[in-house]
Amino acid sequence: MFPCLSTSGASAWAKTPVISRFYGIVVFLNYNDHPPHFHVRYQDQEVTVEIHSGLVTGTMSKRALQLVFEWMEEHRAELVENWERARERCPLLAIPPLP
């Protein structure tokens, strides 16, 4: 579906791709994670958020989580596209931060 890197670049997949950063919040996707979700770090807190349901696993400050949900709503289509790219082992695309 996407023009992907060859398997000879497998070592490049060892790093967790950061797809967005805003207000001290770092958003990243892991390859081969299921169900479709993304990871968020803020200070010493980390959560996972399911892309379709918004289900959160972990704990994070209310204000940071509100920003994450605002960002997710603005960029859900791009998150789904990146999820599909990850499944195909393709490079992920950066997603714009909140203004």
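Everything quoted here is computed from the prediction, not taken from an experiment.

Draft legend 1. Expanded view of the overall build of the chain. Summing up its helical and strand segments, the chain has two helices and five strands in all. Reading the helices (α) and strands (β) of the chain from amino to carboxyl end gives β-β-β-β-β-α-α. Buried positions account for 40% of the 99 residues belonging to the chain. Put simply, of all contacts in the chain between residues at least 6 apart along the chain, 41% involve residues at least 24 apart. Accessible surface for the chain amounts to roughly 5,800 Å². Of this, 55% is attributable to carbon and sulfur atoms.

Draft legend 2. Highlighting the sheet that holds strand β2 (residues 25–28). Sheet architecture is open: five strands sit in the order β1-β2-β3-β4-β5, paired in antiparallel fashion. Two strands bound the open sheet, and with one partner strand each, they are β1 (18–22) and β5 (56–58). Neighbouring strand axes in the sheet, compared pairwise and without regard to direction, differ in orientation by 20 degrees on average. As defined by bridge partners, β2 adjoins strand β3 (residues 37–42) across four bridges and the pair is classed as antiparallel. Looking at β3, one finds that V26 is bridged to R41.

Draft legend 3. Looking closely at the side chain of R85. With respect to the helices, strands and loops of the structure, R85 is situated in helix α2 (residues 76–87). Comment: no salt bridge for buried R85; closest opposite-charge side chain is E81, at 4.5 Å. One polar contact links the side chain of R85 to the main-chain carbonyl oxygen of P91, over a distance of 2.7 Å.

Draft legend 4. The arrangement of the packing of helix α1 (residues 62–74) against α2 in detail. Axis separation between α1 and α2 bottoms out at 4 Å; the angle between their running directions is 80 degrees. Taken together, the axis directions place α1 and α2 in an arrangement best described as roughly perpendicular. Judged by residue contacts, W71, M72, E73 and E74 of α1 engage R76, E78 and L79 from α2. Considered class by class, the residues forming the contact of α1 with α2 number three nonpolar, no polar and four charged.

Draft legend 5. Up close: unusual backbone geometry. In the Ramachandran plot, Y23 falls in the positive-phi region, its phi being about 50 degrees despite a non-glycine side chain. Take Y23: it is sitting in the loop between β1 and β2. For Y23, a relative accessible area of 49% gives the class partly exposed.

Parameters at a glance
- Residues numbered from 1 in each chain as written.
- Predicted model: local features only at pLDDT ≥ 70, side-chain atom pairs only at ≥ 80, totals over all residues.
- Heavy atoms only, no water.
- Helix = DSSP H or I, 4+ residues; strand = E, 2+ residues; numbered from the N terminus.
- Buried < 20%, exposed > 50% of the residue type's maximum accessible area, 1.4 Å probe, protein only.
- Contact = heavy atoms within 4.5 Å.
- Areas by Shrake-Rupley, 256 points an atom, 1.4 Å probe, with all protein chains shown as cover.
- Pairing = 2+ DSSP bridges.
- Axes fitted to C-alpha atoms, helices over the stretch in contact; angles between N-to-C directions.
- Lys, Arg positive; Asp, Glu negative; His and termini not counted.
- Salt bridge = Lys/Arg side-chain N within 4 Å of Asp/Glu carboxyl O.
- Polar contact = N/O pair within 3.5 Å; in protein donor to acceptor, adjacent residues only side chain to side chain.
- Parallel < 35°, antiparallel > 145°, perpendicular 65-115°, else oblique.
- Nonpolar A, V, L, I, M, F, W, Y, C, P; charged D, E, K, R; others polar.

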